[in-house]
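Spelled out from the first residue to the last, the chains are:
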Amino acid sequence: MTGEKVTEYERKRIENIKRNEELLASLNIKSKLSDLSASSKRHRVQAKSYKLSPEKKLKSETPVVIRRSLRNQGMKPDSAGLKDDFTEPPKSSLTNLKSQVTSNKSPRELVPISMSDASTCSQSDAVLVNKILSVCELSDTKKANGKVRVAIDLKSMELEPENVARVVPNRILCVKFFPSADMKMVVVGNKFGNVGFWNLDSEGEEGDGIYMYHPHPGPVSAILIQPFSLNKIITSCYDGQIRSLDVEKQTFGLSYTTDHAIFSMSQRLDDVNSLYFGEGHGLVRVWDERSGKSSFSWELHDSRINTIDFNPVNINMMATSSSDGTACIWDLRKVGKSKPKSLKVITRKRAVHAAYFSPSGSLLATTSLDDKIGVLSGANYDDEFMINHYNQTGRWLSTFKGVWGWDDSYIFVGNMKRGVDVISTEERRLVTTLESPNMTAIPCRFDAHPCKPGMLAGATSGGQVYVWSS
DNA sequence: CCTTTAATTAAACGG
DNA sequence: CCGTTTCCATTAAAGG
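Computed from a prediction, not measured in an experiment: that's the story for all the values here.

Cut-off values and rules
Residues numbered from 1 in each chain as written. Chains lettered and ligands numbered in written order. Predicted model: local features only at pLDDT ≥ 70, side-chain atom pairs only at ≥ 80, totals over all residues. Heavy atoms only, no water. Pairing = 2+ DSSP bridges. Helix = DSSP H or I, 4+ residues; strand = E, 2+ residues; numbered from the N terminus. Axes fitted to C-alpha atoms, helices over the stretch in contact; angles between N-to-C directions. Phe/Tyr/Trp six-rings, centres within 6.5 Å; stacked < 30°, edge-to-face > 60°. Salt bridge = Lys/Arg side-chain N within 4 Å of Asp/Glu carboxyl O. Buried < 20%, exposed > 50% of the residue type's maximum accessible area, 1.4 Å probe, protein only. Disulfide = S-S within 2.5 Å. UniProt positions renumbered as here; feature names shortened; annotations may be inferred. Core = buried A, V, L, I, M, F, W, Y, C linked by side-chain atoms within 4.5 Å. Contact = heavy atoms within 4.5 Å.

What am I meant to see in the sheet that holds strand β27 (residues 443-448) here?
Through backbone hydrogen bonds, the strands of a sheet pair up, either in parallel or in antiparallel fashion. The strand order across the open sheet formed by four strands is β2-β29-β28-β27, and the pairing between neighbours is antiparallel. Edge positions in the sheet fall to β2 (164-166) and β27, since each of these pairs with one other strand and no more. Recorded for the sheet is a direction-independent mean angle of 20° between the axes of neighbouring strands. As paired strands, strand β28 (residues 456-460) and strand β29 (residues 464-468) are joined by four bridges and run antiparallel to one another. Across the sheet, residue leucine 456 finds its bridge partner in β29, namely tryptophan 468.

Structure below.
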């Protein structure tokens, strides 16, 4: 699509600007170090009251180039990530200047990064590590990580003030609950490559339950958590990396790297060793984690793939949504050298940003920039009804993606008036909007807690997370 | 055709 | 409280 080329140009331009900025930042980084480290402590203290944040942004010295403070990007004062898709790597002066003030690894480097190196908070994260590992060590009989499928009462859903927090700075692109009923913990990824953890069960514990790391140099596009190995958290990045956090080893390992952006990632329930991700301008790649090889790659779209999802019941069925204006359902039963068989193509007027199967697998919800949410149903997904829904989030907000709740009844999607619209598939209309004075910004990305009915996390473009609960 | 510009938009920050 | 800054979306329209 022509839009893609504009984006490419834009990216290139921004990269150059960023590079200049990095150079300037390096020149006077020493004078800023004290300020940066001093204020990084305050960040956590104020994390739950974003409005009163005392953080000071580093004042820009020149109005021409776009400048962002390292702290504003959630980075340690000495770490910096550079991407070089379009030009030669910045050698010489910049590299040397940086090496004078840092011995830390850049998140761009193709090696594992330890959690402590990636941590952006001064406080110890031992409580977080212990929490995750202790739930992992529960005996199988005590474990409660089964996915629930129940009807919920929308009226019971509320947003308590203590379930609001700023977990990371800036724009959140993805949010995910740990798939365990023994935990109320969300993980988010933001535009700067930060991965933030928020333990909502941190009552009586030290700190506020919020921990932040910087394992990626760019936007985090997806988060996967293995239901049966909760200590393994996989993240993908626009800068072409997939990292796998092993909480036991306390390292963000590097699973895959490419020059192309990774916009989406998913996993089949029956195969935890394969990652499916959308790479570049329409490629779906299947990566075998154990062999470290790409088992398949298919050119399925003409533009970026925004979501990949698997039918929870018919496990060979995969749905993709793309900025080429289509959403597709694929049959993965016969994948040899050729592409999977296309079972269904939905064509929309504009980019499609999500296509998710319902919990029973019999419905497919699509969200498109053409201001419609579509629901496919029927034996071959031949029936479709559309709901008008304003999806123009503009430049500063992540796009809306309608997600399913705990059964096939409802789809949850953000709206531009700081509410969560709820669409009933039974009534085929918008039935209610979740609103709360505690929701002071627009929630764009959602995740329903797989084991706790009524618990829904909404994430904003300002780094906040709202956890609604019954 | 391809390339480039402008306009749009919400929220955090700071004076 | 209000003006400034954000700048990895997206599209339409203008320009070559």
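Teacher, can you tell me more about the packing of aromatic side chains here?
How two aromatic rings sit relative to each other is given by the distance of their centres and the angle of their planes. Using the criterion set out here, one finds ten aromatic pairs in the structure. Consider the rings of phenylalanine 197 and tyrosine 213, whose centres lie 5.8 Å apart with planes at 90°: the pair is edge-to-face. Residue phenylalanine 197 is located in strand β5 (residues 195-199), and its partner tyrosine 213 is located in strand β6 (residues 210-213); the two are separated by 16 residues in the primary sequence. Here the aromatic cluster, defined as three or more aromatic residues joined through ring pairs, consists of Phe178, Phe197, Tyr213 and Phe252.

Got a minute to help me understand the pairing of strand β26 (residues 429-434) in this structure?
Two faces, one strand: in a regular strand the side chains alternate between the faces of the sheet. As judged from the five bridges shared by strand β25 (residues 419-424) and β26, these two strands associate in the antiparallel manner. What sits directly across from aspartate 421, in β26, is threonine 433. As consecutive antiparallel partners, β25 and β26 are separated by four residues, and within that stretch arginine 428 has a phi angle of approximately 55°, a positive value.

Can you help me understand the pattern of salt bridges in this one?
Opposite charge on two side chains makes pairing possible when the charged atoms of those side chains draw close. Considering all chains together, one arrives at eight salt bridges under this definition. The partner of aspartate 382 in a salt bridge is lysine 344, and the shortest N-O contact between them spans 3.4 Å. Of the two residues, aspartate 382 sits in the loop between β21 (372-377) and β22 (383-388) while lysine 344 sits in strand β18 (residues 341-347), which places them 38 residues apart along the sequence. Judged by relative accessible area, aspartate 382 falls into the exposed class, the value being 52%. With its nearest N and O atoms 3.1 Å apart, the salt bridge here joins arginine 348 to aspartate 370.

Can you help me understand the state of the cysteines in this one?
Disulfides are covalent bonds that link the sulfur atoms of two cysteine residues. Enumeration according to the criterion identifies zero disulfides in this entry. Distance from the sulfur of cysteine 451, which forms no disulfide, to the nearest cysteine sulfur (cysteine 136) is 13 Å.

Would you explain the pairing of strand β15 (residues 305-310) in this entry?
For β15, the buried fraction is high: six of the six residues fall into the buried class. Bridge analysis of β15 against strand β16 (residues 317-322) gives five bridges, and the strand direction is antiparallel. Paired with phenylalanine 310 across the bridge in β16 is methionine 318. Joining the antiparallel neighbours β15 and β16 is a turn of six residues.

Teacher, can you tell me more about the UniProt feature "repeat: WD" (unreviewed entry) in chain A here?
Feature annotation in UniProt places "repeat: WD" (unreviewed entry) on residues 298-333, given in this structure's numbering. When the span residues 298-333 is considered, its composition is 0% helix and 56% strand, and the gap between its end C-alpha atoms is 14 Å.

What am I meant to see in the sheet that holds strand β7 (residues 220-226) here?
One open sheet holds the five strands; their spatial order is β1-β10-β9-β8-β7, and the pairing between them is antiparallel. Strand pairing shows two members of the sheet lacking a second neighbour, β1 (113-114) and β7, which therefore form its edges. Inspection of the sheet shows strand β9 (residues 241-246) paired to strand β10 (residues 251-257) by six bridges, in the antiparallel sense. Counterpart to arginine 243 in the pairing with β10 is leucine 254.

Is there a simple way to think about the nonpolar core in this case?
Burial of nonpolar side chains together is a common tendency in soluble globular proteins. Residues Met157, Phe412, Val420, Leu456 and Trp468 are the most contacted members of the largest nonpolar core, which totals 33 residues. When residues of this core are traced back to their parent elements, those giving at least two are β19 (352-357), β21, β22, β23 (403-404), β24 (410-415), β25, β27 and β29. Not counting the four nearest positions on each side in its chain, leucine 456 is found in contact with Met157, Phe177, Trp406, Phe412, Val420, Phe446, Asp447, Ala448, Tyr466, Val467 and Trp468. Among the nonpolar cores identified, the runner-up in size contains 26 residues, and Ala118, Leu133, Cys136 and Ile223 belong to it.

How should the environment of serine 134 be read in this particular structure?
Position of serine 134 relative to the elements: it lies in helix α5 (residues 126-136). On the basis of relative accessibility, which here comes to 38%, the residue serine 134 falls in the partly exposed class. With 97 residues separating them along the chain, serine 134 and asparagine 231 place their C-alpha atoms 9.8 Å apart.

Could you clarify how one ought to interpret unusual backbone geometry in this entry?
Backbone geometry follows two general trends: most residues other than glycine have a negative phi, and most peptide bonds adopt the trans configuration. A positive phi angle is found at asparagine 170, which is not glycine, with a value near 65°. Position of asparagine 170 relative to the elements: it lies in the loop between β2 and β3 (172-177). Classification of asparagine 170 by relative accessible area gives partly exposed; the value is 27%. Despite not being glycine, glutamine 250 has its phi angle at roughly 60°, a positive value. Mapping glutamine 250 onto the fold places it in the loop between β9 and β10.

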